[in-house]
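# Working through the structure, step by step
Each chain, letter by letter, is given below.
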Amino acid sequence: MYIRSSLKKKSIIALSVYLTFFVAVLASITYFVVQSPIRTTLETNLDIKSELLAAEIKSPLDSASSTLGSLVAMAEGNTNIDIADTMLRRLFSPQGSIVVSGGIWPEPYSVDPDVRLASLFYNRSQSGEVDKIDLWNNPQSPGYDIEPWYTSVKHTAPDTVMWSEVYIDPYTHVQMITASSPYYLKGQFAGVVTVDLSLSDLVNYVNSRAQDHGLGIIILDGSRTVITEHNYRLSRDIYVSELAFGDFDWSIKAVNARKGVADQVFEIVTGIEIAIVPILLLCVMVGYYLINRYLINPVTQIARKAQESRLGGTIDMDYRSLDEIRSLIDNFNRKTMYLERERVKAQASTNAKTAFLATLSHEIRTPMNGVLGTAQLLLKTELTLEQRKHLKTLYDSGDHMMALLNEILDYSKIEQGRLELERVPFSLSSIIGSIHSIYHTLCVEKGLTFEVTSTVPKDRWYIGDKARLRQVLFNLINNAVKFTGQGSVQVHISECEIDGKNTLRMSVSDTGIGISSEAQKRIFKPFEQAESGTTRRYGGTGLGLAIVKQIAKAMHGDIHVHSAPGLGSTFEVTAELSQCEPQKTEAAIEREGNYQGLRVLIVEDNKTNTIIINAFMKKKGFATHSVENGELALKALDEQTYDLILMDNHMPVMDGVETITEIRKLANEKQHTLIFGCTADVFKETRKKMLGAGADFILAKPIDDRILNDALHQYSEKLFQFAAARVHS
C-alpha cells in the first residue's frame, strides 16, 4: 500500500513547539540541579525496600534454623522414643509455620545393632495433623545415609547448617528447601537432623508485599535458580536493586514495577517545571494531544486488537489515515489470514499423512499376508532342496519388506509423540541369546568374526521394554554387518551408574567402511544416510538410527558414535533400567495341536486372505466356513455353532468392531464364542477398539503360524467349550 502521509512527520510537528522551549531552557537545570539528587533518593528508597523484603524473607528461615537447633539438642539429649515422638509431634504441629516436616536420622545400626535404619521423620499434613513417616526405614531401600542432605553434613563441625537448593516436592508439588545439621554423642558423629520448609506461603506473602510496594522482584537461591518472580521486567537504563542475604546465600533483585526510577525522576522534574514555567503546560498538553491522537491511541488499539486476534483473527478498527499505522494494520491482517490458511493446510497435511500411513500399512499387509502365508504353507510341504531354498529366500524377502514398513510406522509414532514403552520384567540373557542365534550365522556366512561380551551378571533381570531394547541392538548390529565387508563385529554390554541411576551401556563396534565427521552430524536424522549412494548400495530407509536415538531418549539415555572413514565405527547406547528379581520363565514350545472336529468361521472380504487363512486352519484340522462381511457372519452364526471366529476389521456392510459388538450382545451361549481379531491395521487404536468390542486376541497380518498356534493353545479352554456338548449330543 502507498503511504501518503508519514507518522514520523506527524510526531516531529507535534513535538517541535514543546522541544523548542523545553529542551533549551530546562535541559541543563534538569540534569545538573534536580535530576541527580532525585535519582539518588529514589534509588536509595528502592534499596531500602529491597532490604525490608529480604529481612521479611530471612526471618522465617532463621526461625527454621532455631527449630533445627532444637532438633539437634533433642537428638543429643538421648531422649527415649516415646518422649521423642511426643516432642517431635509438638515441634511440627504449629499452624502457619513454614517448617512442615523433618526428623532425626541416626547413623545406620547406631540405635540398635540389629536395625540398620531407625529414623524419626514427621510430616504435617494440610489438615494440620502430624504423621510419622516410616518410608525411609524400609530395609530394602539403599538407605537415607546416602542422600545428599545427609552426606553434606556428615562429620562436619557441630552447629554446621547446610541448606539445600530449592526443589519441588514430588508429592505436594510445592517449592521446598531442606536444612541439615549433624549431631554428636560423646564427641562421636551420631547422625543428622533435618527440617523441610514449605516456601509456598512465604512466596505468596513476598509477592503480596511486592505488589503493595509497587515492586518487581526476583528471588534466587544459592545456585541462582529462580525461586519466585513477580512483575519483574527489565528495560533499558532501569535501576536494579540487588542484595544477597542469609546463610543460605539467597539474593533478591528489585525494580520499580509501576514506574522505573527514570520515570519517577521525569515525573518529579516535570512537576517542578510546570510549577516554574506555567506557559510550558500548554505546549506539553498540545504535544501530548497530538502524540496521543496520531500515535499513542492507534498503537494502543493495535496492540489490544493484536492481543485479541492471537488465535487467528484480524485487526478491525476505524483508522482512515493512510500512514504507517494503516499499512501496519493491513499487512498484519494479510499475514494473519495467510498464516491461518497455512495452518489449516498443515493440519490437513498431518491428518492426511496419518490416514495415508494407516491405509499404506493395511494395503501392504493385506497382499503380504498372501505372500508370506503361502510361503509358510509351502515350507511345510514336500520340497526339493532347491525349491526350499528359493521359497526361504521369498519368505525372507517378504519379511524384510515388512521390517521396512514397520520402521516407517515406528517413526510415524515417534514423530507424533505416540511412542509408548512397556515396563515388564525381562532377562538380559534372553536378548543376548537371540543376538547370538541370529547374527553368528549371518557373520560366518559373510566371513566376519562375531563376538558378544557382557560384564553384566548372567542372571540379571530388568524392568523395561524388552522388545524396544532388542530393536535398538538389532538395528545397530544390522548396520554393522551391512557395512562391514571383512574383519569383525563386536557387541559389548555393561552396567554403570549415571546421575545415581542404574544404566545399561551397549556398544556395537565394526571394522567396516566408517563414517566421516560431516556425515555423523546427520545420520541420526530421519531419512538420512551417511552418503548419497548408501541407499542404492546397501538399501534401507534411513530411519534405523533415528528410531534408535528416539527410543534411547525415551529410556532416559542417549546414543553416541565414534568413527572415521576406513577405520570402522562404534555406536554406544545408554538406557536407564531398573533391576528386579529373576522371574520364572517357561521354555518356548512349538505348539501343534489337534483340532479335528472343530469349526472355524472366517470373516474376511479379501479372497486371497480367505484362501490363505482357510488353508492354515484346514491344515490344523478345523472345518472351515468363510463369509465376506459382518452381516453374513451374524447370519452364519445364527444357523451354526462355531468354536472359533477369525474376524477381519475393515469390511463392507459391517466391519469387525461392529460385528464383534453384536456377537457379544447375543442372548445365548454363542455370545461366548472365541474370537480372534485378524487385521492388517497394526495401529494401537484399531487393536484397542477390537479388544474393547470383545475380541479375545488380535492376530496381525501377515499371519505368523507360530503366533496362531500359541494363541490357540492359550485359549484352548474357550476353544473347546462347545465341542464336548456336540459329542454328547
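Preceding this section is the structure that the text describes.
Summarised in this report is the structure supplied together with it. All of these numbers come straight from a predicted model, not from anything done at the bench.

Analysis parameters
Residues numbered from 1 in each chain as written. Predicted model: local features only at pLDDT ≥ 70, side-chain atom pairs only at ≥ 80, totals over all residues. Heavy atoms only, no water. Helix = DSSP H or I, 4+ residues; strand = E, 2+ residues; numbered from the N terminus. Buried < 20%, exposed > 50% of the residue type's maximum accessible area, 1.4 Å probe, protein only. Contact = heavy atoms within 4.5 Å. Areas by Shrake-Rupley, 256 points an atom, 1.4 Å probe, with all protein chains shown as cover. Pairing = 2+ DSSP bridges. Salt bridge = Lys/Arg side-chain N within 4 Å of Asp/Glu carboxyl O. Axes fitted to C-alpha atoms, helices over the stretch in contact; angles between N-to-C directions. Expected span 1.5 Å × (residues − 1). Bend = angle between axes of the 7 residues up to and from the residue. Phe/Tyr/Trp six-rings, centres within 6.5 Å; stacked < 30°, edge-to-face > 60°. Left-handed = near helix turned anticlockwise from the far one by under 90°. Nonpolar A, V, L, I, M, F, W, Y, C, P; charged D, E, K, R; others polar.

## Observations regarding the overall build of the protein
What the protein contains, in helices and strands, is 20 helices and 24 strands. Within the protein, buried positions represent 41% of all 729 residues. When contacts within the protein are restricted to residue pairs at least 6 apart in sequence, long-range pairs at least 24 apart make up 65% of them. Counting every atom, the protein has about 39900 Å² of accessible surface; 55% of that belongs to carbon and sulfur.

## Focus on the pairing of strand β1 (residues 99-106)
Counted residue by residue, β1 has eight buried out of eight residues, so it is predominantly covered. Summarising the sheet, β1 and strand β2 (residues 120-124) pair through four bridges and their orientation is antiparallel. Counted as the bridge partner of Ile104 is Leu120 from β2.

## Some remarks on the pattern of salt bridges
What the rule picks out here adds up to nine salt bridges. Across the pair Glu495 and Arg460 runs a salt bridge, and its minimum N-O distance is 2.9 Å. Here Glu495, found in strand β15 (residues 487-498), pairs with Arg460, found in the loop between β13 (448-454) and β14 (461-464); they are 35 residues apart in sequence, far enough to count as distant. Among the charged side chains, a network of salt bridges with common partners joins Arg664, Asp696 and Lys718.

## Remarks on the sheet that holds β14
Two orientations exist for strands paired in a sheet by backbone hydrogen bonds: parallel and antiparallel. Reading across from one edge, β12-β14-β19 is the order of the three strands in this open sheet, with antiparallel pairing throughout. Each end of this open sheet is capped by a strand with a single partner; those strands are β12 (424-427) and β19 (578-580). This sheet shows a mean twist of 45° between the axes of neighbouring strands, independent of strand direction. Pairing analysis gives three bridges linking β14 to β19, with the strands arranged antiparallel.

## Remarks on helix α9 (residues 428-446)
Given a rise of 1.5 Å per residue, 19 residues ought to cover 27 Å, and the 27 Å separating the end C-alpha atoms of α9 matches this to within 8%. The largest bend in α9 is about 30°, located at Tyr439. All of the buried residues along α9 are Leu428, Ile431, Ile432, Ser434, Ile435, Tyr439 and Cys443. Elements in contact with the buried residues of α9: β12, β13, β14, α10 (466-482), β15 and β16 (501-510). Looking at the residues trailing α9, positive phi occurs at Gly447, about 80°.

## What about the side chain of Thr659?
Assignment of secondary structure puts Thr659 in helix α16 (residues 656-664). In this structure, Thr659 is in contact with Gly630, Ala633, Leu634, Met647 and Met654, ignoring residues within four places of it in sequence.

## Notes on unusual backbone geometry
At Asp159, a position not held by glycine, the phi torsion is positive, near 70°. In this structure, Asp159 sits in the loop between α3 (148-151) and β4 (162-163). Notably, His556 is not glycine yet its phi reads approximately 60°, a positive angle. With respect to the helices, strands and loops of the structure, His556 is situated in the loop between α13 (544-554) and β17 (558-563).

## Regarding the packing of aromatic side chains
Applying the stated criterion to the full structure yields 17 aromatic pairs. A centroid spacing of 5.6 Å and a plane angle of 85° characterise the contact between Trp105 and Trp136, whose relative ring orientation is edge-to-face. Taken together, the positions of Trp105 in strand β1 and Trp136 in the loop between β3 (130-133) and α3 put the pair 31 residues apart, joining distant regions of the chain. Owing to a relative accessible area of 1%, Trp105 belongs among the buried residues under this scheme. Between Trp136 and Trp149 the ring centres are 5.7 Å apart and the planes differ by 85°, which places this aromatic pair in the edge-to-face class. Of this pair, Trp136 sits in the loop between β3 and α3 while Trp149 is found in helix α3, placing the two residues 13 residues apart along the sequence. Its relative accessible area of 27% is what places Trp136 among the partly exposed residues. Judged by relative accessible area, which is 17%, Trp149 ranks as buried. Each residue in the set Trp105, Phe121, Trp136, Tyr144, Trp149, Tyr150, Tyr184 and Phe189 is aromatic and connected to the rest through ring pairs, giving one cluster.

## Examining the packing of α10 against α13
One way to put it is that α10 packs onto α13 with a least axis distance of 10 Å and a crossing angle of 145°. Crossing handedness for the pair α10 and α13: left-handed. Across the interface between the two elements, Arg468, Gln471, Val472, Asn475, Leu476 and Asn479 of α10 pack against Gly544, Leu545, Ile547, Val548 and Ile551 of α13. Each residue belonging to the contact of α10 with α13 can be placed in one class, and the counts come to six nonpolar, four polar and one charged.

## Quick notes on the environment of Ala636
Mapped onto the fold, Ala636 is located in helix α15 (residues 630-639). We classify Ala636 as buried; its relative accessible area is 7%. On a C-alpha basis, the gap between Ala636 and His625 in space is 8.8 Å, while along the polypeptide they are eleven residues apart. With sequence-adjacent residues up to four places away left out, Ala636 is seen in contact with Leu601, His625, Val627 and Tyr642.

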